[in-house]
Amino acid sequence: MKYTKHIQYINPLTDLGETLLEVEKPNRYIGGEYGCLATRDADLRLLIAFPDLYEIGMSNHALRILYNQLNQLEGVSCDRAFAPAPDFEQILYRQGVPLYGLDTGIRLGDLDLLLFTLGYELGITGVLTMLDTAGIPLRAAARTQAHPMVIMGGPCVSNPLPYAPFIDAFWIGEAEAGFFNLIQEVRVLKKNGQGRAAILEHICSHPAVWTQAKGRATRAVDRDFPFREPAAAVFPVPSMKVVQHHGAVEIMRGCPHGCRFCHAGYWYRPMRQKSASTVHAEVAAWITQGGYREISLTSLSSGDYQYLDTLVDALNAEYRAQHVSFQLPSLRVSTFSLNLLEKIAAVRKSGLTFAVETPVDAWQWGINKEVSRDTVVAIVQEAKQRGWRGAKFYFMIGLPLGSAPGLSADYEKHEEVEIVTFIQEIARRTGMHFTINVGTFVPKPHTPFQWAAQMDEATARTKLDYIQFTLKAGGHKVGIQNPFISVLEGLISRGDERIGCLIEEAYTRGCRLDAWNEHVRQEIWRELFETRSELIKELQRPKPQELPVPWQGIELGMASSHLNKELVQSASGTLTGACKETCTHPCGICDRDTKVVKNTKPADTIQAVTIPSKAKDGPTWRILFAFTKQGTAIFHPHLALVELFSMAMTRAGIPVLYSQGFNPQPKLEIAAPLSIGISAAAEIAAIDTPFFFSAEAFKKALAPQLPQGITLGKTMHILIPGGVKKRSLASLLWGYSYQGPQKGMIDYVKAGDEKKYRLSQDGAVWGLQRLGVWAKGHQDAPESYFTVYREHYC
């Protein structure tokens, strides 16, 4: 018999109400962003779940690809949800409200499919938190037809064994290579009346899907990645600052360099580059549809993108006048030039970063990398002459290089000393101080170092403390990764179902958000490690190469002998060349249909776009406008509101004047901040433009670009003559008018006296509304600011 779900939706404003003010950053949980795509009316209801906080998840490129692509499928709706912080988790339980999607409010338990993307092993307790707060059984075996099917993908599922008890099925590889087609098939099955069991059986039959019962899956590779039509994963645009608050255009997938420690380098083979025209179109989408003024051209090794210089030249020519800047993360020392970095820094100065990993040339050969000391010195010296004042270095300790050639003694006894010596020598030769970050190597599946031992916590901590203490004394900034986190990551990365049981117990005892130093419960994990000491030792020891590994059922496409060969190359300090179209050291990935693809055409030359600028002593064109904050918008803090308007104006194509200096900002002012939780009927703000832009055109262009809860009121254009004092909104401020929840008497509060004013009978802000912002000498808010400007300048 067909099972019909009763779908229910959560409205956080009414179902949680003022309890949202008890949590840190309540705008993590309210939705309402610009560009939400999911709808309540769909044949198939999905949700992409990210098992970490909102500001991490909304920075994740995989989540954005899935969300944007799935919502383009006919009859499919894909919502979003993120792991709750502990304070919000407790409120959900206390209020009896299950975890819900941010776009539609759908309860996670009412979905057809719940999709997790796992990019970091320590996110697994976040997965369990989300299942639990949604009312979904943690164990896959305990779920019934009333529960959604739970699917997981992402790079961490290259070893799915530790997560298998909790997940119904795993997608292995890239979603573009078949997953979206599979979802369309699932939609048809559901429309034809098929139930959960039949649909799940169909999902599991796909060759890229792994289950414990099936035991094997072949990684899906998107062979069409370089040739697809431009498809920027722009939406939704966060209404708060996220960790990576910029647009991200993936210019290349995969990496040609076989760094032997790098899981991503093997997981995403082969290298495939988009055309310059596709990159350019996607950049345009992030700016015009998203409103971003910082764009990252992302890949695992951006310097290997063919004709990168001409691409950056073309992008700068078109967007520099709009104060749009570009970033190139993951530049290898061997593939970048300072000329390129100066082009990238045309709008905002970028940093100088060296991922050295290990400081001795022979050790670098062991990991298949070359970053010589003399090369770094030469680059830093030239950078200093060109205006750079510092640089950042990344290192790892614990790499399995004990048998690499050229060592006077055991590698593990000298690595921390060599790191310190490396930095001290470069500092001496360049006269600069540096920022140094050091982590502990974690052996990963499907890499040549997958059989290696992992350094224990005590040894790692001793080495890290030495590096930190010694280099800090020399005036350098040193950051070290918590070695306990590295140990935990390694145990999960190479574990099996036994680690899954340990994870479940850690979760039930209170472990959450383990990647965060302020949240990880080390004492719980340590107690569990003591009860399973033999398992922990087994997973940290070297693995015999002749024995099967837990992840052997996951086929990446590489020949089984390739990783063994690379391990031998590492021991002899032999470098393996980069992947090319004509490869001399095939790994087995490439075949007739799967191959290395490079961008074959330089970007078209573009004449630099110019925008009229304001003369130094010339007139100022200002637009004064009123706006409301209602609904979900009451949770946007002041700085987020400024950024929100700035991005909306970029989307709207409104010309705004920018400040000068290191990091130009739009000349946008809001008269007075407003505490979160308070609604507003008529806040006042102003922008300056480089030339005349009518108030009517401003309102028409900006209104559709704003997120939920913010609407425009009155607008007015003012011309401030040259030589006349420009008065800021803050300098004109007298105070405010408030109305309480009962819509009774209106109170007038002078600016600066808000703390004296009891915002309601019990001092709470929930239900309070600020009716207007008053300018000095004019008691007619919200008209007072418009009146003052008329009197001064009209």
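Heads up: the structure comes first, above all this text.
First, a word on what this report is: a plain description of the structure on this page. (Residues numbered from 1 in each chain as written. Predicted model: local features only at pLDDT ≥ 70, side-chain atom pairs only at ≥ 80, totals over all residues. Heavy atoms only, no water.)

A tally of regular secondary structure across the chain gives 24 helices and 24 strands. Its C-alpha atoms give the chain a radius of gyration of 28 Å, within 12% of the compact-globule value 28 Å for 794 residues. Dimensions of the chain, computed from C-alpha atoms along their principal axes, come out at roughly 85 × 75 × 50 Å. Relative to its full complement of 794 residues, the chain shows a buried share of 57%. Pairs at least 24 apart in sequence give 78% of the contacts found in the chain among residues at least 6 apart. In the form shown here, the chain has an accessible surface area of approximately 32,000 Å², with 52% of it arising from carbon and sulfur atoms. Each charge class in the chain can be summarised by its mean position, and for the 83 positive and 80 negative side chains these summaries are 4 Å apart. (Helix = DSSP H or I, 4+ residues; strand = E, 2+ residues; numbered from the N terminus. Rg over C-alpha atoms; globule rule 2.2 N^0.38 Å. Buried < 20%, exposed > 50% of the residue type's maximum accessible area, 1.4 Å probe, protein only. Contact = heavy atoms within 4.5 Å. Areas by Shrake-Rupley, 256 points an atom, 1.4 Å probe, with all protein chains shown as cover. Lys, Arg positive; Asp, Glu negative; His and termini not counted. Charge placed at Lys NZ, Arg CZ, Asp CG, Glu CD.)

For the structure shown, the criterion picks out 46 salt bridges. Close ionic contact of Arg216 with Glu555 constitutes a salt bridge, the shortest N to O distance being 2.7 Å. You can see Arg216 sitting in the loop between strand 6 (209-210) and strand 7 (217-218) and its partner Glu555 sitting in strand 17 (residues 554-555), a full 339 residues away along the chain. For Arg216, a relative accessible area of 43% gives the class partly exposed. A relative accessible area of 30% places Glu555 in the partly exposed class. With a closest N to O distance of 2.9 Å, Arg498 and Glu538 form a salt bridge. Here Glu538 lies in helix 19 (residues 533-540) and Arg498 lies in helix 17 (residues 497-508), a separation of 40 residues in the sequence. Take Arg498: its relative accessible area is 36%, and that puts it in the partly exposed class. On the basis of relative accessibility, which here comes to 31%, the residue Glu538 falls in the partly exposed class. A cluster of three or more residues bridged by salt bridges with shared partners is formed by Glu174, Glu176, Glu250, Arg253 and Arg272. (Salt bridge = Lys/Arg side-chain N within 4 Å of Asp/Glu carboxyl O.)

A word on helix 15 (residues 457-473). Over its 17 residues, helix 15 runs 24 Å from end to end, which matches the ideal 24 Å to within 8%, given 1.5 Å per residue. Where helix 15 is concerned, the buried positions are Glu457, Ala460, Lys463, Leu464, Ile467 and Leu471. The arc that holds every buried residue of helix 15, seen down its axis, measures 135°, which confines them to one face. Of the residues in helix 15, the exposed ones pointing more than 90 degrees away from the buried face are Ala458, Thr462, Phe469 and Ala473. The N-cap of helix 15, judged by a side-chain oxygen 3.2 Å from the amide nitrogen of Ala458 a few residues on, is Asp456. (Expected span 1.5 Å × (residues − 1). Arc of directions from axis to C-beta. Polar contact = N/O pair within 3.5 Å; in protein donor to acceptor, adjacent residues only side chain to side chain.)

Attention now moves to the packing of helix 17 against helix 18 (residues 522-531). The contact between helix 17 and helix 18 brings their axes to 10 Å, and the two run at 140°. Taken as axis vectors, helix 17 and helix 18 run oblique relative to one another. The chirality of how helix 17 crosses helix 18 is right-handed. For the pair formed by helix 17 and helix 18, the contact residues are Leu502, Ile503, Glu505 and Ala506 on the first element and Ile524, Trp525, Leu528 and Phe529 on the second. Here the residues of the contact of helix 17 with helix 18 are counted per class, giving seven nonpolar, no polar and one charged. (Axes fitted to C-alpha atoms, helices over the stretch in contact; angles between N-to-C directions. Parallel < 35°, antiparallel > 145°, perpendicular 65-115°, else oblique. Left-handed = near helix turned anticlockwise from the far one by under 90°. Nonpolar A, V, L, I, M, F, W, Y, C, P; charged D, E, K, R; others polar.)

Looking now at the nonpolar core. Ranked by internal contacts, the top residues of the largest apolar core, which has 116 residues, are Leu70, Leu113, Leu114, Ile203 and Trp525. Non-local contacts of Ile203, meaning those with residues more than four positions away in its chain, are made with Leu113, Met149, Ile151, Ala169, Leu182, Val186 and Val209. Within the second largest apolar cluster, 68 residues are counted, among which are Ile251, Ile423, Ile436 and Ala460. (Core = buried A, V, L, I, M, F, W, Y, C linked by side-chain atoms within 4.5 Å.)

Ordered by their spatial adjacency, three strands build an open sheet running 8-11-12, and the pairing between neighbours is parallel. Only two strands of the sheet have a single partner each, and these edge strands are strand 8 (247-250) and strand 12 (325-327). Strand after strand, the sheet turns through a mean of 25° between neighbouring axes, direction not considered. Of the strand pairs in this sheet, strand 8 and strand 11 (residues 294-298) are connected by four bridges, and their pairing is parallel. Counterpart to Val249 in the pairing with strand 11 is Leu297. Here helix 9 (residues 276-290) sits on the sheet and contacts strand 8, strand 11 and strand 12; the angle it forms with strand 8, its principal contact strand, is near 165°. (Pairing = 2+ DSSP bridges.)

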